[in-house]
Amino acid sequence: MFLGLGRFVGASVIVLAAFTQVHGFSGSGKEGWDEAQKYLGRGRMSQDEAAKIQEMTEADRLQKAADLLVDAERSASTEHETQTVGQALATVYNRLALDCHTKKDLKNAVYYGGEAVKRDGADPTLHANLGQYQIDAGEYYEASRSLTKARDVAKDPVAKQKAWKTLIAAYMRQAQNSDQRARDDAIREIGGLLAEQGDDFDALWRLGLCWRLKGDAARALDAWEKARKAGQVNPDQEREYQNLKAAKTIKADKQFVKDSSMHFSIEFNDKSQSALAQKVLGMLDEAYEEVGTRFDLRPDKKVFVTVYTGQEYNDVFQVSWAGGQHEENRIDLKVNPAMPEAKLRDVILHEWTHHVVSLKSRQQFVPLWIHEGLAMHCERNHEAGTAPVLALLDRVIKVKNNYIPFKDDRYQIHRSFMKLPNPNLVRLAYAQSYSIVHKMIDRFGFGTVVKVVERLGAGEEFESAFHVVTRVKWEDFEKEWFQERRAAAALVPEPTPGPGMPAQPVVAPAAGQQGGLTIRIGSPGSMPRPARTGQ
């Protein structure tokens, strides 16, 4: 599960401060001031000057104006002149920051946003904008300071509420990525918001999420029940609520076995399986080192793992064919005590890989099929384990000359496999995930795929990140993958349909739709929790 900002913040909407009304500037910096106005479309200029300026990009014009205004600022001789040029600089820097943010140049977005705030610290919009840039750049502590200031100086109630909610999101992101103590800060701020502004659906839902991630199911359910009265939950949120109710009931009825290591805290729902609990804990520690070496990432936060051995898992998660769930700081596993040791190890490697991919991407959106392909590839027995689903992929390509588009409007497999209408299509989605990621690794190397994930974590779009890292267009790579897979499938004899296998596999239409991005986890037998906040 990815905890995005979604409807809670509306992070993509950034309000620009209006340009300051131009006043006269008569000090020694007048020449720089007057020259800057030309680049802002306000000063008098010759026809040649106008033509030259018109050829410049907006970013270059703004940067030139900013440089001239800085010179004018240094030469200002009166308080009025300092204030006038400062307000103009705040507006120009704000526009430069927005341009950089749009281009995913987050470092410079933060820099220019900070320069804008230095010139006009009374404008809550500038503080709020800087806070959003800092969140996107992963500077959560700094973002909390900017957003606290935005909330405190805002006079408009709507602007104050938005800044407050974004502040809460900053603390929650900080808890996700670096410091779980920040979740207490989020809870404190939510309490303040609710006390001042009354029941708010989004705030109450986030409060429940914070308590659930802290392991307090009773408080989480209390907050979510209030949220359900305050507003309309979406299907994913309702599922989350019902899952937690079921889990709380089961844990109240059963005495879970608990154990821990340096990196994991485990609870096992069958106290008669204490030896199996020890084995799972040992395999988790092995996965920590094995996957950590491949990704060059060994997280220092302890992860909570709940292991279910029977029907309880299905009761909690309502997906009988799934074998694992993963989110920010916990993993839920469905384990059959009779499962062969090699299979159990692969399930654990798979789920831990999802956790590491989420950390490597700073909890940002990663296409589900990349998540799945990497997790399947990190299983020790991945070649033999994926043979059955690859055989299904070959058969579909041979019979239908088609596949499920990696980003489509019908099934949205780049986000979740939950909308797929039958198990064979789910298996097909896993097969495609493994196959195309395996090709990426074969051609470019495992480290290169990890670099793509890192760029996604910096806010870059998938197609752009793939192109920058590999120097190959994603559209061309996907076509190449399909052509190679089709050639291989042509050599495979068509098998006799087995039980539950349709003679004519049904696939999504319009193969050739390209690309895609977004989120989450699972394996053949491991299914993601979908994002609960609209992202």
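See above for the structure.
Owing to the predicted nature of the structure, the values given are computational and were not obtained by experimental measurement.

Caption draft 1: Highlighting the overall build of the chain. Helix and strand counts for the chain stand at 23 helices and 5 strands. Going through the 535 residues of the chain one by one, you find that 54% of them count as buried. Taken as a whole, the chain presents about 23100 Å² of accessible surface, with 49% of it coming from carbon and sulfur.

Caption draft 2: View of the nonpolar core. If you look at the biggest cluster of nonpolar residues, it comprises 74 residues, and the most contacted ones within it are Val 280 and Leu 374. Among the elements that take part in this core, helix H20 (residues 423-444) stands out by supplying 12 residues, more than any other. In contact with Leu 374, other than residues within four places in its own chain, are Phe 295, Thr 353, Val 357, Val 437, Ile 441, Phe 446, Val 449 and Val 453. In terms of nonpolar packing, the next biggest core, distinct from the first, is built from 34 residues, Ala 186, Phe 201, Ala 203 and Leu 221 among them.

Caption draft 3: Main features of the pairing of strand S3 (residues 303-308). In terms of residue burial, S3 counts as a mostly covered element, since 5 of its 6 residues are buried. Between the parallel elements strand S2 (residues 264-268) and S3, the chain passes through helix H14 (residues 274-295) in a crossover that is left-handed. Across 5 bridges, S3 lies against strand S5 (residues 330-334) in parallel orientation. Counterpart to Val 305 in the pairing with S5 is Ile 331.

Caption draft 4: Spotlight on the pairing of S2. The buried count for S2 comes to 4 of 5 residues, which makes it a mostly enclosed element. Both strand S1 (residues 257-260) and S2 contribute to a ladder of 4 bridges, which runs antiparallel. Across the sheet, residue Asp 259 finds its bridge partner in S2, namely Ile 266. Taking the residues between adjacent antiparallel strands as the criterion, S1 and S2 are bridged by 3 residues. Of the strand pairs in this sheet, S2 and S3 are connected by 5 bridges, and their pairing is parallel. Bridged to Glu 267 within S3 is Thr 306.

Caption draft 5: Seen up close, the packing of aromatic side chains. According to the stated counting rule, one finds 25 aromatic pairs in the structure shown. Between Phe 406 and Trp 481 the ring centres are 5.4 Å apart and the planes differ by 65°, which places this aromatic pair in the edge-to-face class. Of this pair, Phe 406 sits in the loop between helix H19 (387-400) and H20 while Trp 481 sits in helix H23 (residues 474-490), placing them 75 residues apart in sequence. The class of Phe 406 is buried, set by a relative accessible area of 0%. Residue classification places Trp 481 among the buried positions, given a relative accessible area of 2%. Ring centres of Trp 474 and Phe 477 lie 5.7 Å apart, and the angle between their planes is 35°; this geometry places the pair in the tilted category. With a gap of 3 residues between them, Trp 474 and Phe 477 both fall in helix H23, about one helical turn apart.

Caption draft 6: Representation of the pattern of salt bridges in the model. Evaluation of the coordinates by the stated rule reveals 35 salt bridges. Its salt-bridge partner being Glu 115, residue Arg 119 comes within 2.5 Å of it at the nearest N-O pair. Of this pair, Arg 119 and Glu 115 both sit in helix H6 (residues 106-119), separated by 4 residues, roughly a single helical turn. Two residues, Arg 380 and Glu 286, come together in a salt bridge whose shortest N-O distance is 3.8 Å. Of this pair, Arg 380 sits in the loop between helix H17 (368-377) and helix H18 (382-385) while Glu 286 is found in helix H14, placing the two residues 94 residues apart along the sequence. Taken together, the shared-partner salt bridges in this structure form one network comprising Lys 279, Glu 286, Glu 290, Glu 341, Arg 345 and Arg 380.

Caption draft 7: Spotlight on the environment of Lys 334. Locating Lys 334 in the fold gives a position in strand S5. Residue classification places Lys 334 among the partly exposed residues on the basis of a relative accessible area of 23%. Along the sequence, Lys 334 and Thr 306 sit 28 residues apart, while their C-alpha atoms lie 8.8 Å from each other.

Caption draft 8: Structural view of the packing of H17 against helix H21 (residues 446-457). Taken N-terminus to C-terminus, the directions of H17 and H21 make an angle of 145°; their axes are 12 Å apart at the nearest point. Remark: the crossing between H17 and H21 carries left-handed chirality. Contacts between H17 and H21 involve Ile 370, Leu 374 and His 377 from the first element and Phe 446, Val 449 and Val 453 from the second.

The rules behind each value
Residues numbered from 1 in each chain as written. Predicted model: local features only at pLDDT ≥ 70, side-chain atom pairs only at ≥ 80, totals over all residues. Heavy atoms only, no water. Helix = DSSP H or I, 4+ residues; strand = E, 2+ residues; numbered from the N terminus. Buried < 20%, exposed > 50% of the residue type's maximum accessible area, 1.4 Å probe, protein only. Areas by Shrake-Rupley, 256 points an atom, 1.4 Å probe, with all protein chains shown as cover. Core = buried A, V, L, I, M, F, W, Y, C linked by side-chain atoms within 4.5 Å. Contact = heavy atoms within 4.5 Å. Right-handed = clockwise from strand over helix to strand, strands pointing away. Pairing = 2+ DSSP bridges. Phe/Tyr/Trp six-rings, centres within 6.5 Å; stacked < 30°, edge-to-face > 60°. Salt bridge = Lys/Arg side-chain N within 4 Å of Asp/Glu carboxyl O. Axes fitted to C-alpha atoms, helices over the stretch in contact; angles between N-to-C directions. Left-handed = near helix turned anticlockwise from the far one by under 90°.

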